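Each chain is listed here by its residues.
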Amino acid sequence: MSARNFALAAAGIVALVTAGCREPPHEAARQLPALGAKVDETSVSGISSGAYMAGQFQMAHAKRVTGAAIIAGGPYGCSESIFANTIPGAGTAFLNLSKAVNGCMLDMLGSWGVADPADLAQKAQQRAEKGEIDPIADVARDRIYLFTGTSDHTVASSIVKHAEEFYAKLGVPEGNMKLVSTVPAGHAFVTDGEGSACDVSGQPYVVDCKYDQAGELLKQIYGPLQPRAQNVTGDFVNFDQRPFGVSEDNGGLAETGVVYIPKTCRETPGCRVHIAFHGCSQNRETVGDAFIKESGFARWADTNRLIILFPQIAASPINPQGCWDWWGYTGPKYLTRDAPQIAAVNRMLDTLQGDGRGA
């Protein structure tokens, strides 16, 4: 999120009191199929706002998540203002958003203790003790991949390093973490043959740095994998996200999400699930299927029995860039398992876990 995007989001929060969320365009979509997925070995990844959501989902459902990839994102809970529970309504989100941009992207508030890994780890432990997220012991067993590009001027590299330190404070062993910080990438998901020039930070936020990020993060999380397929042979299925919403506005979900299903996962249950969270202005509404089809996840999925879930957020007056909620625009529970977006994606996992054979 650039300074311009911050201004747009701030204006959207103010506009919320007089305008409802924009209705996304109608798109014919099928039901998310039940595939007998092995959801207790789920992994998550995300870039930018998606990186923060990947961390939030991991913390909320650590019993299901075995690893996380944080690309151009920082530590869990970074954006929460100390005044978060003192101002009703949209005011809290406005305070959090200011802290999010200045402290959790640009790392300009370090002298005020913002993005402090030890403090955030302590707060996470307190949430776990209250039962708002899963036990920290489940997170401490995870495998973690972190990435910051040397040409990324949107999220400071120090913020990503704070995320690494946060996981260490939670008890994740050093040997379970990998920080990649030498690739000359912009603020984007990195590939070895698709997208813009390596140092570009712009739509569709997919860049060619001759580095297979999808494969590298999946191998960090799951260990050695079979070589990726030369060509995609499974199906990208558009599915209706509306049944998974837990609030009147569906928590900002777009009408349609996408799931990639390898042929073997249709035929035989037991495939694992990887959830790939898009970044701001990287949703289908904005860039089409660029991130979904050019990221490279599908080729690894075909040969390693992985279902790839691409949930989608819609743009709206309060969230004009279609970001995942990492500053509280959906309400004060955005960091917990009761957060509308986290609950919705978890329901998607429940459906994929079902025993029926989906079409």
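Let us look at the structure shown here. None of these values were measured; they are calculated from a predicted model.

### Topic: the sheet that holds strand 5 (residues 189–191)
Consideration 1: One open sheet holds the three strands; their spatial order is 5-7-6, and the pairing between them is parallel. The open sheet has two free edges, formed respectively by strand 5 and strand 6 (196–197), since each of these has just one partner strand.
Consideration 2: Bridging between strand 5 and strand 7 (residues 206–208) involves three bridges; their strand directions are parallel. Across the sheet, residue Phe 189 finds its bridge partner in strand 7, namely Val 206.

### Regarding the pairing of strand 9 (residues 256–261)
Consideration 1: Across the six residues that make up strand 9, a large majority, six, are buried.
Consideration 2: Neither face of strand 9 is open: one carries Thr 256, Val 258 and Tyr 260, the other Gly 257, Val 259 and Ile 261, and all of them are buried.
Consideration 3: Note: strand 8 (residues 235–240) against strand 9, six bridges, orientation antiparallel. Considered in strand 9, the bridge of Phe 239 is made with Gly 257.
Consideration 4: Where strand 9 and strand 11 (residues 306–310) come together, three bridges link them in antiparallel fashion. Following the sheet pairing, Tyr 260 is matched in strand 11 by Ile 308.

### Notes on unusual backbone geometry
Consideration 1: Omega for the bond connecting Gln 203 with Pro 204 falls within 30 degrees of zero, at 5°, which places this linkage in the cis form.
Consideration 2: Structurally, Pro 204 is set in the loop between strand 6 and strand 7.
Consideration 3: Of note in the backbone geometry, Ser 281 takes a positive phi value of approximately 55° without being a glycine.
Consideration 4: Its place among the elements puts Ser 281 in the loop between strand 10 (272–277) and helix 9 (284–287).
Consideration 5: With a relative accessible area of 4%, Ser 281 lands in the buried category.
Consideration 6: Unlike most non-glycine residues, Arg 305 shows phi in positive territory, near 50°.

### Digging into helix 2 (residues 49–60)
An α-helical segment advances 3.6 residues per turn. Residues three or four places apart therefore align on the same side.
Consideration 1: The end-to-end C-alpha distance of helix 2 is 16 Å, a good match for the 16 Å that twelve residues give at a rise of 1.5 Å each.
Consideration 2: Burial analysis of helix 2 places twelve of its twelve residues in the buried class, which makes it a mostly covered element.
Consideration 3: When helix 2 is considered as a whole, its buried residues turn out to be Ser 49, Gly 50, Ala 51, Tyr 52, Met 53, Ala 54, Gly 55, Gln 56, Phe 57, Gln 58, Met 59 and Ala 60.

### Quick word on the packing of aromatic side chains
Consideration 1: The full count for this structure, using the stated rule, is 14 aromatic pairs.
Consideration 2: For the pair Phe 57 and Phe 277, a centre-to-centre distance of 6.4 Å together with 50° between the ring planes defines the contact as tilted. Here the residue Phe 57 occupies a position in helix 2, and Phe 277 occupies one in strand 10, the gap between them amounting to 220 residues.
Consideration 3: Ring pairing ties together the aromatic residues Tyr 52, Trp 326, Trp 327 and Tyr 329, which thus form one cluster.
Consideration 4: Taking NZ or CZ as reference, Arg 272 lies 4.2 Å from the ring centre of Tyr 222, over its face.

### Digging into the side chain of Asn 176
Consideration 1: Mapped onto the elements, Asn 176 comes out in the loop between helix 6 (157–170) and strand 4 (177–180).
Consideration 2: The residues contacting Asn 176, other than those within four sequence positions of it, are Ala 140, Arg 141, Asp 142, Arg 143, Ile 144 and Gln 220.

### Notes on the state of the cysteines
Consideration 1: Enumeration over the complete set of coordinates arrives at four disulfides.
Consideration 2: The disulfide bridge from Cys 265 ends at Cys 271, spanning 2.1 Å between sulfur atoms. What sets the handedness of the Cys 265 and Cys 271 disulfide is the S-S torsion sign, and at about -95° it is left-handed. For the pair Cys 265 and Cys 271, one class covers both residues: buried.
Consideration 3: Going through the chain in sequence order and numbering each bonded cysteine, the pairs you get are 1-2, 3-4, 5-6, 7-8.

### Some details on helix 4 (residues 117–130)
Consideration 1: Look at helix 4: 20 Å from first C-alpha to last across 14 residues, which is about the 20 Å you get at 1.5 Å a residue.
Consideration 2: Those residues of helix 4 not exposed but buried are Pro 117, Leu 120, Ala 121, Ala 124, Arg 127 and Ala 128. For helix 4, the angular spread of buried residues about the axis comes to 115°, placing them on one side. In this structure, helix 4 carries Glu 129 and Lys 130 as exposed residues pointing more than 90 degrees from its buried face.
Consideration 3: Packing partners of the buried residues in helix 4 comprise helix 2, helix 5 (136–140) and helix 6.

### Looking at the environment of Gly 202
Consideration 1: By the secondary structure assignment, Gly 202 is in the loop between strand 6 and strand 7.
Consideration 2: Owing to a relative accessible area of 15%, Gly 202 belongs among the buried residues under this scheme.
Consideration 3: Separated by 15 residues in the primary sequence, Gly 202 and His 187 place their C-alpha atoms 7.5 Å from one another.

### A word on the sheet that holds strand 9
Consideration 1: The mixed open sheet is built from eight strands, whose spatial order is 4-3-2-1-10-11-9-8. Across the chains shown, the open sheet's two edge strands, defined by having one partner strand only, are strand 4 and strand 8. Neighbour-to-neighbour, the strand axes of this sheet turn through a mean angle of 15°, independent of strand direction.
Consideration 2: Judged from the six bridges that link them, strand 1 (residues 42–47) and strand 2 (residues 65–71) form a sheet pairing that is parallel. Along strand 2, the bridge assignment pairs Ser 43 with Gly 67.
Consideration 3: Lying on the sheet, helix 2 is in contact with strand 1, strand 2, strand 3 (143–147) and strand 10; it crosses strand 1 at an angle near 155°.
Consideration 4: Together, strand 2, strand 3 and strand 4 form the strand contacts of helix 6, whose direction differs from that of strand 4 by roughly 170°.

Conventions we followed
- Numbering of residues starts from 1 in every chain and runs along the sequence as written.
- A pLDDT threshold of at least 70 governs which residues receive local features in this predicted model, and a stricter bar of 80 or more applies before side-chain atom pairs are shown or counted, although totals over entire chains, interfaces and linings include all residues.
- Each side-chain value is derived from all of the structure's non-hydrogen atoms; neither hydrogens nor water enter the calculation.
- Any two strands are treated as partners once DSSP identifies two or more bridges connecting them.
- In DSSP terms, a helix is any run of H or I states spanning at least four residues, a strand is any run of E spanning at least two, and both are numbered starting from the N terminus.
- Exposed residues in this analysis have more than 50% of their type's maximum accessible area, buried residues have under 20%, and partly exposed residues fall in between, with area computed by a 1.4 Å probe over protein chains only.
- The span you would expect from a helix comes to 1.5 Å times its residue count less one.
- Note on ring pairs: Phe, Tyr and Trp rings are taken, using the six-membered ring of Trp, and paired if centres are within 6.5 Å. Classes follow the plane angle, with under 30 degrees stacked, over 60 edge-to-face and the rest tilted.
- Geometrically, a lysine NZ or arginine CZ counts as sitting over a ring once it is within 6 Å of the ring centre and also within 35 degrees of the ring normal.
- In this description, contact between two residues means that some pair of their heavy atoms is separated by no more than 4.5 Å.
- In this description, a disulfide is simply a cysteine sulfur pair whose atoms lie within 2.5 Å.
- Our arc is simply the arc of the directions from the helix axis toward the C-beta atoms.
- Angles here are taken between N-to-C directions and fall from 0 to 180 degrees, while the axes themselves are lines fitted to C-alpha atoms, restricted in helices to the stretch in contact.

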